[in-house]
Amino acid sequence: MDLELTTVSRVTVITDATLKNEVIAECLRLGANGYTSWPCDGKGEHKMLPDLFSSNAGGGTYLEFIVRPEVAKQIIAYCAGPRFRSHAMTAYEMTINVSKSDSF
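Residues numbered from 1 in each chain as written. Predicted model: local features only at pLDDT ≥ 70, side-chain atom pairs only at ≥ 80, totals over all residues. Heavy atoms only, no water.

Undergrad: Explain the pattern of salt bridges to me, using residue names and the numbers behind them.
TA: Under the definition given, this model contains four salt bridges. Measuring nitrogen to oxygen at the nearest pair gives 2.7 Å for the salt bridge that ties arginine 29 to glutamate 26. Note that arginine 29 and glutamate 26 are positioned in helix H1 (residues 20–30) at a spacing of three residues, about one turn of the helix. Classification of arginine 29 by relative accessible area gives exposed; the value is 58%. Across the pair glutamate 70 and arginine 68 runs a salt bridge, and its minimum N-O distance is 2.9 Å. (Salt bridge = Lys/Arg side-chain N within 4 Å of Asp/Glu carboxyl O. Helix = DSSP H or I, 4+ residues; strand = E, 2+ residues; numbered from the N terminus. Buried < 20%, exposed > 50% of the residue type's maximum accessible area, 1.4 Å probe, protein only.)

Undergrad: How would you summarise the pairing of strand E3 (residues 60–67) if you had to cite specific residues and measurements?
TA: Each regular strand shows side chains that alternate between the opposite faces of the sheet. Buried residues dominate E3, accounting for seven of its eight residues. Two elements, strand E1 (residues 6–16) and E3, share eight bridges in a ladder whose sense is antiparallel. For aspartate 16, the partnering residue across the bridge sits in E3 and is glycine 60. (Pairing = 2+ DSSP bridges.)

Keep in mind these numbers describe shape, not what the thing actually does.
The structure is reproduced here in structure tokens:
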């Protein structure tokens, strides 16, 4: 079996849980067709505080978007923008190969 793979980008965003819905909505608007998320905790330059209004005691959220490379650049630029300069947020992109190119 000869499997044809397509190169796409996996964008990961790690941020405060309070920003989850806002970030997801903008990433979908920028061209992502879907996402995966789960609660997370950790420590970096900014201290993540617990979100008292959700079940996420760690206060963080981990988001993944599998998108076309041009959409990945837009998502990274959005996350690096002035809106999030005072928030705990990390966004990065990795090149990956997938078998279903029409999904992205």
